[in-house]
Amino acid sequence: MSEVIVVGSGIAGLIAAIETSRKYAVTLITKAELSESNTRYAQGGIAAALFEDDSVAEHVADTLRAGAGLSSKSVVEVLCSEGPARVRDLIRLGVAFDQHNGELARGLEAAHSRPRVLHAGGDATGFAIESALVHTIRATGNITILEHTFVKDLILHDGRVVGVEILDATGNPRSLSADAVILASGGAGQLYLHTTNPAVATGDGIAIALRAGAELADLEFYQFHPTTLAVPGNFLISEALRGDGAVLLDAEGHRFMKAVHPGAELAPRDVVARSIAEQMAAQNGAPVFLDASALGADFLKERFPTIDAACRTYGFDWASQPVPVTPAAHYWMGGVRTDEWGRTSLPGLFAVGEVACTGVHGANRLASNSLLESLVFAWRCASLLSNDDFSGKAWPVFTDEATVLPLQQEVGSATPVDRKALQTLMWEAVGIYREESVLLRAAKQLCLWKPNGTTASDYETANLLDLSRVMVAAASMRQESRGAHWRNDFPETSPNFHHHQYFRREGSAR
Ligand code: SIN
């Protein structure tokens, strides 16, 4: 082995590139600027059991509880036990986490049994991590960086991934070969009309893996963040604010979460998101409010400078009055199925970060576990590849059966898909609430659309269409409510569905 391609430049891609470049020539491909990714916008931080009053066992227990029975215990144990060492690596790479009285400062977020969330620049944790890693990568030899380069598909030879087809920065199609491809291309918030994710989050890595024949897992589990500013763009209002004491109010100014869950505003994220949606419905769609005024103007400005600036830009003086908030699509627990080393079901193909489904998050991700998951599993993937005993031929065999779905589902009279219409459909059909009749209508509508065009933006929309089809199928098949997947027609959690759902496209080999 000599050449590795890494696709994506969030924390997972940057760590994978830095670590594999110690042994291999690495090409890092990103479709925007190097520093643009979901990571960059992460506010709350990165959870790890780094403190004396905390333990790996407690972090494991919190993660498993959040996952609603579908997190893989052994993989969660890897995450939580290796997390502290990887966070120390990040500090060595120059990430300056905030301090309090000479020690690492830590925040509390929903469903954590104690404060363990590190942050940097107050609420600019993702930006601080991204900046430090981009600085490191630019100073690292052995890495070729291709910005504004779109990965259109994977190249297969004898069932093995051997490279990628790209549109280069001038829009020309080209092929690049490699001994291994690591997908680290992030999530797919752009599946939805309302999302905290940036425009680049169009699920390209998951879609190209699906087309190449890789197995996908847990696609029905999509997390909605409870509190985004109720303005166009859904600016994220970190859960850390509720951890510091901000409260949710209905349109009349009454706290409503206390009556819903003993954790009140710090109940699990899916519970808070659904309660807000219900409250909004009871108020004819009017938003609820987050009241952070008790925290004081100075504290808000110092601890949450990014949100402070955003609130003021939108004309809200949040230090003196509650601000309107609403849920929005935030994080996909599902993705490309991997083992605990990032290996997918396709030889030569790895996936790390949000694009992957390692089994850590199950039906619902614990807050601030995603940066940690990216960090731990990108590092493990690179270390497996760099191990002298790893021939590149050793590959895991996933034994559970996957549902086989046709990829091309459009009818002859299908019309070109419009991205906004697709996002609207997904928000209504596979949003916070789901039910059979709406899912069936959505599945039918998705067959009436076909991909169109040959620009990178057209390919992104085509990827969203492919992913919408498998996600709707997954949500229809799971006839129960569990974690972030709520079915109005099946409101109970069922032992019959205490398992993962795997998918692969028709015609793909096992
Ligand atoms: C937040 O800051 O509320 C988001 C953290 C996360 O999604 O893990």
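Keep in mind it's a predicted model, so treat the numbers as computed, not measured. (Residues numbered from 1 in each chain as written. Predicted model: local features only at pLDDT ≥ 70, side-chain atom pairs only at ≥ 80, totals over all residues. Heavy atoms only, no water.)

**Points about the overall build of the protein**
The helix and strand tally for the protein stands at 13 helices and 23 strands. The globule rule puts the C-alpha radius of gyration for 510 residues at 24 Å, and the 22 Å found for the protein is close to it. Seen through its C-alpha atoms, the protein measures out along the principal axes to roughly 65 × 55 × 45 Å. For the protein, the exposed area adds up to about 18800 Å²; of that, 52% sits on carbon and sulfur atoms. (Helix = DSSP H or I, 4+ residues; strand = E, 2+ residues; numbered from the N terminus. Rg over C-alpha atoms; globule rule 2.2 N^0.38 Å. Areas by Shrake-Rupley, 256 points an atom, 1.4 Å probe, with all protein chains shown as cover.)

**Examining the site of the ligand**
Around the ligand lies a shell formed by Gln-43, Gly-44, Glu-109, His-225, Ser-238, Glu-239, Arg-269, His-330, Arg-365, Ala-367 and Ser-368. Here an oxygen atom of the ligand and a side-chain polar atom of Ser-238 are 2.7 Å apart. Between the ligand and His-330 there is a distance of 2.7 Å, counted from an oxygen atom to a side-chain nitrogen or oxygen. Look at the ligand: alone it shows 260 Å² of surface, and the protein chains cover 94% of it. Of the residues assigned to the shell around the ligand, the class counts are one nonpolar, six polar and four charged. (Near = heavy atom within 4 Å. Polar contact = N/O pair within 3.5 Å; in protein donor to acceptor, adjacent residues only side chain to side chain. Nonpolar A, V, L, I, M, F, W, Y, C, P; charged D, E, K, R; others polar.)

**Observations regarding helix H3 (residues 73-92)**
Compared with the 28 Å implied by 1.5 Å per residue over 20 residues, the 29 Å span of H3 between its first and last C-alpha is a close match. Along its length, H3 shows its largest kink, about 45°, at Gly-83, and proline Pro-84 lies within four residues downstream of that point. Turning to H3, its buried residues are Val-75, Val-76, Val-78, Leu-79, Cys-80, Gly-83, Pro-84, Arg-86, Val-87, Asp-89 and Leu-90. Directly after H3, the chain includes Gly-94, whose backbone phi takes a positive value near 110°. (Expected span 1.5 Å × (residues − 1). Bend = angle between axes of the 7 residues up to and from the residue. Buried < 20%, exposed > 50% of the residue type's maximum accessible area, 1.4 Å probe, protein only.)

**What to know about the sheet that holds strand S2 (residues 25-29)**
Through backbone hydrogen bonds, the strands of a sheet pair up, either in parallel or in antiparallel fashion. Read across the open sheet, the five strands follow the order S7-S2-S1-S11-S18; overall the sheet is parallel. Looking along the sheet, the strands with just one partner apiece sit at the ends: strand S7 (143-146) and strand S18 (349-351). Recorded for the sheet is a direction-independent mean angle of 20° between the axes of neighbouring strands. Strands strand S1 (3-7), S2, S7 and strand S11 (180-183) of the sheet are contacted by helix H1 (residues 11-20), whose axis makes an angle of about 165° with S2. (Pairing = 2+ DSSP bridges. Axes fitted to C-alpha atoms, helices over the stretch in contact; angles between N-to-C directions. Contact = heavy atoms within 4.5 Å.)

**As for the environment of Ala-319**
Position of Ala-319 among the secondary structure elements: in the loop between helix H9 (305-313) and strand S16 (323-332). Residue Ala-319 is classed as buried on the basis of its relative accessible area of 18%. When the C-alpha positions of Ala-319 and Cys-357 are compared, they lie 39 Å apart, and in sequence the two are 38 residues distant. Those residues in contact with Ala-319 that sit more than four places away from it in its chain are Ser-293, Ala-297, Leu-300 and Arg-312.

**Details of the packing of H1 against helix H4 (residues 125-138)**
Axis angle and axis distance: for two packed helices, these are the angle between their axes and the distance between the axes, and together they describe the pair. Between H1 and H4, the least distance of the axes is 10 Å, while the angle of their chain directions is 30°. Relative to H4, the element H1 lies roughly parallel. As H1 runs across H4, the sense of the crossing is left-handed. Here Ile-11, Leu-14, Ile-15, Ala-17 and Ile-18 of H1 lie close against H4, whose contacting residues are Ile-129, Glu-130, Leu-133, Val-134, Thr-136 and Ile-137. Per-class residue counts for the contact of H1 with H4 are nine nonpolar, one polar and one charged. (Parallel < 35°, antiparallel > 145°, perpendicular 65-115°, else oblique. Left-handed = near helix turned anticlockwise from the far one by under 90°.)

**Digging into the packing of aromatic side chains**
Considering all chains together, one arrives at eleven aromatic pairs under this definition. Residues Phe-150 and Tyr-459 carry aromatic rings whose centres are separated by 6.3 Å and whose planes lie at 15° to one another, so their mutual orientation is stacked. Remark: Tyr-459 occurs in helix H13 (residues 456-477) and Phe-150 occurs in strand S8 (residues 150-157); sequence separation between them is 309 residues. Aromatic ring contacts, followed pair by pair, group Tyr-192, Tyr-222, Phe-224, Trp-332 and Trp-427 into a single cluster. Lying over the aromatic face of Tyr-502, Arg-337 brings its terminal NZ or CZ to 3.5 Å of the ring centre. Across from the ring centre of Trp-341, 3.9 Å away, lies the NZ or CZ of Arg-380, which sits over that ring. (Phe/Tyr/Trp six-rings, centres within 6.5 Å; stacked < 30°, edge-to-face > 60°. Lys NZ or Arg CZ within 6 Å of the ring centre and 35° of its normal.)

**A closer look at the pattern of salt bridges**
Summed over the entire model, instances satisfying the criterion amount to 39 salt bridges. A salt bridge links Arg-22 to Glu-19; its shortest N-O distance comes to 3.0 Å. Using a relative accessible area of 60% as the deciding quantity, one classes Arg-22 as exposed. The class for Glu-19 is buried, based on a relative accessible area of 18%. Across the pair Glu-480 and Arg-482 runs a salt bridge, and its minimum N-O distance is 2.7 Å. When sorted by exposure, Glu-480 lands in the same class as Arg-482, which is buried. (Salt bridge = Lys/Arg side-chain N within 4 Å of Asp/Glu carboxyl O.)

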